[in-house]
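Inside the fold
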Amino acid sequence: MKHRKTLRNIVLVLAVLVLVSGMNWAFFKYFNATTASSENDSVMVNLASRQSILIQQIAKTILQMHEAIQQDRSIGSLMKELAVSHQEIEATLVALSEGGTVTALDGTTFVLRQAPTPETQRLVEQSRKIWDPYSRELAAFVSLDEQVSLTDVRRLLRSARTKTNPFAAISTKVSAELEDWARSNADRQKNTIAFIAVVVVNALLLVAILTVVTIRRGAKLHRSTRDLAEAKRQTDSILDTIEEGLLLLNKDFVIGGEKSQETAHLMRKDDVSGMNFLKLLKPLVSANTYSATEEYLKLMFQKRVKEKLIRDLNPLSEVEINFSTKDGTFDTCYYSMHFNRVIADGEIVQVLATITDVTKQVLLGKQLQQFQEEAQNQVNLVFNIIHVAPQELERFISKMADSLAQMNTCLKRDEGVGSHHATLEEIFRLAHVIKGDASVLGLDFFETKLHQFESLIGDIKTSPNLSGNDFLPLTIMLDGLYSDVHSVTAMIKRLTALHGSFAPDDEVGDPRPLASPQSDSFRDNAVSLSMPNVH
């Protein structure tokens, strides 16, 4: 109960902190908005007061242009000054009438709102009635650039004398009205800021009081939390260090948040939390393996099924995983995945999956099996050829080499569609002859190989749309037969060397081994054979 009460106090403090933080944020935003508003109000007052100066500046510029033309001087700079003053008055009046963007004296851009009071709006309307006709005259005059005549200047000067003073007077009133409004608006904003500051200070005092109370009551909870944190740290250390993938699956096969660091590396995902395990596995395994895994995991969540009885049914105890790569190929690995139930209050709540990378072990096992098969083939080959007379073996090997070369030539000579069947018939005939010779000599190894070769030719013949691609398995098997002949040649060399090492010395002490017809035949056979390459 004490822990719950302390937790409630902590929640209350956090709630008040959030409230105070929100108030501080709102106060900050309001303060910034107030500052910006005051700055805009100041700009608006300055621009309004500047209108009377600008209208007088326009009159002065027109007068200077009159004198310059009379003295035959250039008026280019005066015309530019007149255009700038005209544009500034026009932009300010539009902003005060409708709201808009204006540029201050320092080049800063401000967004002004419409004249804020009815009185200023009325004064702005009056000033526009004076300004608009005058503005059109100014615009037409400026468009003439330096082509203006003395008559044009005199006409504009007469308008300036009638418009300048009324417009300046109204502009002064607008400036004074806006200044009064800005001052009262600033006072209201100051009062609002002061009120918010008082509220924030009181809220901070309340937070301080609640914090002190919570700290005093939270000592025990702090110790408990510290113990839990230490336990969590140790668990995380285990999960980060273990070299196996560990993850938890719920009844929907969704992966939980707690998992070992190695899991992401094994599954090649940055984060698998929240992902469906079956959907993650589907593109990595065969369809049969996926279906069997789905059924197996369903059984793992059925309480009536004993876990030990179905452990041997696990289809992922050793499974081939294929990860797709950027170049469109696959990276093949072998994983061992085991599953154990997690029981809470007598119910199966989760299943713990353990994933181990056994790629090296599987590949070493396959390599060992391959070496054993190759060694057995070598032994079979020795026993297969050792009973054959050397001269007969030499003739057979030579004839087989010639026949294989002829088969290779037939494949090269094939002219495409229409000649495939003739090529197959010729190769079959050559293979059948060699197989017969192997049978007569009792060379079962070669007889079996050549029989498989004939069977492959028969399968290719039955292809409905025979093409050059169908010859690829035949070419691969022909290359294998070449390798077998090379193996026999190498075996003859080894047998010849072995025979020479055990030959008796001459009675007169001649260090050379005694020659025999059989050893000479093996040696000559080994030296004379030269096998062509398959193309």
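Structure: see above.
Residues numbered from 1 in each chain as written. Predicted model: local features only at pLDDT ≥ 70, side-chain atom pairs only at ≥ 80, totals over all residues. Heavy atoms only, no water.

1. What about the side chain of Arg 341?
Residue placement: Arg 341 occurs in strand 6 (residues 330-344). Despite its burial, Arg 341 remains without a salt bridge, the nearest opposite charge being carried by Glu 307 at 4.6 Å. Among the polar contacts made by the side chain of Arg 341, one reaches the main-chain carbonyl oxygen of Gln 302 at a distance of 3.0 Å. Polar side-chain contacts of Arg 341 include one of 2.7 Å to the backbone oxygen of Val 305. (Helix = DSSP H or I, 4+ residues; strand = E, 2+ residues; numbered from the N terminus. Buried < 20%, exposed > 50% of the residue type's maximum accessible area, 1.4 Å probe, protein only. Lys, Arg positive; Asp, Glu negative; His and termini not counted. Salt bridge = Lys/Arg side-chain N within 4 Å of Asp/Glu carboxyl O. Polar contact = N/O pair within 3.5 Å; in protein donor to acceptor, adjacent residues only side chain to side chain.)

2. Description of the packing of helix 11 (residues 390-413) against helix 12 (residues 420-441)
Viewed as axis vectors pointing N to C, helix 11 and helix 12 meet at an angle of 170 degrees, and their least axial separation amounts to 9 Å. Classified by the angle between their axes, helix 11 and helix 12 sit roughly antiparallel to one another. Facing helix 11, whose interface residues are Glu 392, Phe 396, Lys 399, Met 400, Ser 403, Gln 406, Met 407, Cys 410 and Leu 411, helix 12 presents Thr 423, Glu 426, Ile 427, Leu 430, Ala 431, Val 433, Ile 434, Asp 437, Ala 438 and Leu 441. Looking at the contact of helix 11 with helix 12, its residues break down into twelve nonpolar, three polar and four charged. (Axes fitted to C-alpha atoms, helices over the stretch in contact; angles between N-to-C directions. Parallel < 35°, antiparallel > 145°, perpendicular 65-115°, else oblique. Contact = heavy atoms within 4.5 Å. Nonpolar A, V, L, I, M, F, W, Y, C, P; charged D, E, K, R; others polar.)

3. Describing the sheet that holds strand 4 (residues 255-259)
Adjacent strands of a sheet form backbone hydrogen bonds with each other and so pair up, either parallel or antiparallel. In space, the five strands of this open sheet follow the order 4-3-7-6-5, with antiparallel pairing throughout. Each edge of the open sheet is held by one strand with a lone partner, namely strand 4 and strand 5 (319-324). Averaged over all neighbouring strand pairs, the angle between strand axes comes to 40 degrees, with direction disregarded. Alignment of strand 6 against strand 7 (residues 347-357), held across ten bridges, turns out to be antiparallel. Looking across to strand 7, one finds that Tyr 335 is bridged to Asp 357. In the packing of helix 8 (residues 287-300) onto the sheet, contacts are made with strand 3 (245-249), strand 5, strand 6 and strand 7, and the angle to strand 6 comes to roughly 15 degrees. (Pairing = 2+ DSSP bridges.)

4. Describing the layout of surface pockets
Considered as a void within the structure, the largest pocket measures approximately 180 Å³ in volume. Around the largest pocket sit Met 267, Arg 268, Lys 269, Met 275, Lys 279, Leu 280, Pro 283, Leu 284, Asn 322, Phe 323, Ser 324 and Phe 330, which together line it. Among the elements that take part in the lining of the largest pocket, strand 5 stands out by supplying three residues, more than any other. (1 Å grid on protein atoms, 1.4 Å probe; cavity = no way out; pocket = protein on both sides within 12 Å on 5 of 7 lines; lining within 4 Å. Points joined across faces, edges and corners; volume = space filled by probe spheres on them.)

5. Looking at helix 8
Between the first and last C-alpha of helix 8 there are 20 Å, a value that for 14 residues agrees with the 20 Å anticipated at 1.5 Å per step. Those residues of helix 8 not exposed but buried are Thr 289, Tyr 290, Thr 293, Tyr 296, Leu 297 and Met 300. Seen from one end, helix 8 has its buried residues packed into an arc of 130 degrees, which puts them on one side. More than 90 degrees from the buried face of helix 8, the exposed residues found are Ala 287 and Asn 288. (Expected span 1.5 Å × (residues − 1). Arc of directions from axis to C-beta.)

6. Quick look at unusual backbone geometry
If you check the backbone angles, Arg 268 has positive phi at about 55 degrees while not being a glycine. The backbone of Asp 345 sits at a positive phi, close to 55 degrees, despite the residue not being glycine. One can find Asp 345 in the loop between strand 6 and strand 7.

7. What about the pattern of salt bridges?
For the coordinates displayed, the defined rule picks out 14 salt bridges. A salt bridge links Glu 119 to Arg 122; the shortest N-O distance between them is 2.5 Å. Taken together, the positions of Glu 119 and Arg 122, both in helix 3 (residues 118-143) and three residues apart, correspond to about one turn of that helix. Look at Arg 122 and you get partly exposed, because its relative accessible area is 40%. Residue Glu 426 is joined to Arg 429 by a salt bridge in which the shortest nitrogen-to-oxygen separation is 2.7 Å. You can see Glu 426 and its partner Arg 429 sitting in helix 12, three residues apart, about one turn around the helix. On the basis of relative accessibility, which here comes to 42%, the residue Arg 429 falls in the partly exposed class. Several salt bridges converge on common partners, so that one network encompasses Glu 90, Arg 128 and Asp 132.

8. A closer look at the pairing of strand 6
Relative to strand 6, strand 5 runs antiparallel, the two sharing six bridges. Within strand 6, the position partnered with Val 319 by the bridge is Tyr 335. What sits between strand 6 and strand 7 in their antiparallel hairpin is a turn of two residues, with Asp 345 showing a positive phi close to 55 degrees.

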